[in-house]
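# Coordinate inspection notes
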Amino acid sequence: FAMAATGMTCTANEEISAAWDALKKSTTKLAAIRFGIETTKVGMKTTAEFKLIDTMERDDSKTNEENWNAMLETLKEDEGCFIVFDMRFEHSGRQMYRPLLVSWCPDSLKVTDRMMIGSNKDQVKRDLTGIQKSLHAAEKDELTYEAAKTATV
């Protein structure tokens, strides 16, 4: 999928689309997809593409909250990224399975990096069909499991 960034063309890696297709299956062992934005300057032209950083498998011996907390441990203070996390929880007596897009944008990032994350969040939601809910955070304490559940419902 292609994305527009402020003054840049941003395109997604096919690995991200394949991981997203796998995550959407309710039988998947995949719990999270983490990807960032990589910019390249050639002459006067700067391009950007989404780059898969890693995926995380669900540990069935742990609760979804424990899997969420394990994902949080992978976040770095000097690296912004997007995470699609497979939220699984009970709500009003029903088991819920919903993907949540997290945009991780720590204050320590350069202004241009923060702008790239912010300007591409809505496009990611449009292109990864099925993501309706999102959560934006600049500090890890904003990414509690309760905040994620609230954002997902």
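Scoring rules and cut-offs
- Numbers given for residues are sequential positions, taken from 1 along each chain in its written order.
- For a predicted model such as this one, the threshold for reporting local features is a pLDDT of at least 70, and the threshold for listing and counting side-chain atom pairs is 80 or more; totals across whole chains, interfaces and linings nevertheless cover every residue.
- Only heavy atoms go into the side-chain values, all of them from the structure, while hydrogens and water stay out.
- A run of DSSP states H or I qualifies as a helix once it reaches four residues; a run of E qualifies as a strand once it reaches two. Both are numbered from the N-terminal end.
- Radius of gyration here is computed from C-alpha atoms only, and the compact-globule reference equals 2.2 Å multiplied by the residue count raised to the power 0.38.
- We call a residue buried when its accessible area falls under 20% of the maximum for its residue type, exposed when it is over 50%, and partly exposed in between, using a 1.4 Å probe and counting protein chains only.
- Contacts: residue pairs with any heavy atoms within 4.5 Å of one another.
- Shrake-Rupley sampling with a 1.4 Å probe provides the accessible areas, and residues are treated as covered by the protein chains on show and by no other component.
- Within this document, salt bridges are pairs made up of a side-chain nitrogen of Lys or Arg and a carboxyl oxygen of Asp or Glu, the two lying within 4 Å of each other.
- On a scale of 0 to 100, pLDDT captures the predictor's confidence in every residue.
- A cavity, in this analysis, means grid points on a 1 Å lattice covering only the protein atoms where a 1.4 Å probe fits yet has no way out; a pocket is instead an open set bounded by protein on both sides within 12 Å along at least five of seven lines, and a residue lines either one if it has an atom within 4 Å of a point.
- Grid points are joined across faces, edges and corners, and a volume is the space filled by probe spheres set on the points.
- Candidates for patches are residues over 30% relative accessible area with no salt bridge; among them, like charges are joined within 9 Å and nonpolar side chains (Val, Leu, Ile, Met, Phe, Trp, Tyr) within 5 Å.
- Counted charges follow a simple rule, with Lys and Arg positive, Asp and Glu negative, and His plus the chain ends left uncounted.
- To locate a charge, take NZ of a lysine, CZ of an arginine, CG of an aspartate or CD of a glutamate.
- To count as a disulfide, a pair of cysteine sulfur atoms needs to be within 2.5 Å.
- Directions drawn from the helix axis to the C-beta atoms are what define this arc.

Looking only at helices and strands, the protein chain has four helices and seven strands in total. Reading the protein chain from its N end, one meets helices and strands in the order β-β-α-β-β-α-β-β-α-β-α. Relative to its length of 153 residues, the protein chain is compact, with a C-alpha radius of gyration of 15 Å against a globular reference of 15 Å. Dimensions of the protein chain, computed from C-alpha atoms along their principal axes, come out at roughly 55 × 30 × 25 Å. Considering the protein chain as a whole, with its 153 residues, one finds that 42% of them fall into the buried category. Taking the intrachain contacts of the protein chain between residues at least 6 apart in sequence as the baseline, contacts between residues at least 24 apart amount to 62%. Within the structure as shown, the protein chain displays about 8200 Å² of accessible surface, and the carbon and sulfur contribution to it stands at 48%.

Turning next to the environment of L109. Looking at the secondary structure, you find L109 in the loop between β6 (94-104) and α3 (111-127). Along the chain, L109 and L75 lie 34 residues apart, while their C-alpha atoms are 13 Å from each other. With residues up to four places along the chain from it excluded, the contact list for L109 reads D78, E79, G80 and R114.

Let us now look at the pattern of salt bridges. In total, this model carries seven salt bridges according to the counting rule given. R34 serves as the salt-bridge partner of D54, at 2.6 Å between the closest nitrogen and oxygen. Pair noted here: D54 is in strand β4 (residues 45-57) and R34 is in strand β3 (residues 30-42), with a separation of 20 residues, a long-range link. For R34, a relative accessible area of 6% puts it in the buried group. Of the charged contacts in the structure, one is a salt bridge between E79 and R34, with a shortest N-O distance of 3.3 Å. With a gap of 45 residues between them, E79 in the loop between α2 (64-72) and β5 (81-91) and R34 in strand β3 connect regions that are remote in the sequence. In this structure, a network of salt bridges that share partners links the residues R34, D54 and E79.

To continue, consider the confidence of the model for the protein chain. Of all residues in the protein chain, 92% attain a pLDDT of 70 or more, and the chain-wide mean is 87. Taking the mean pLDDT of every element in the protein chain, the minimum, 42, falls on strand β1 (residues 2-5) and the maximum, 95, on α2.

Right, let's talk about the layout of surface pockets for a bit. The computed volume of the largest pocket comes to approximately 210 Å³. If you trace the largest pocket, you find 13 residues lining it, with G36, I37, E38, G80 and D113 closest to the centre. Those elements that place two or more of their residues in the lining of the largest pocket are β3, β4 and α3. Among the elements that take part in the lining of the largest pocket, β3 stands out by supplying four residues, more than any other.

Turning to a negative patch on the surface, a few remarks are in order. Residues E77, D78, D107, E139, D141 and E142 make up a contiguous surface patch of negative charge. By the secondary structure assignment, D78 is in the loop between α2 and β5.

With that settled, consider the state of the cysteines. Summed over all chains, the structure comprises zero disulfides. As a non-bridged cysteine, C81 has C105 as the owner of its nearest cysteine sulfur, 9.7 Å distant. C81 sits in the buried class, given a relative accessible area of 0%.

The next subject is helix α1 (residues 14-23). Here α1 has its buried residues at I16, S17, A19, W20 and L23. An end-on view of α1 places all buried positions within 165° of arc, on one side of the element. Buried residues along α1 sit against β3, β4, β5 and β6.

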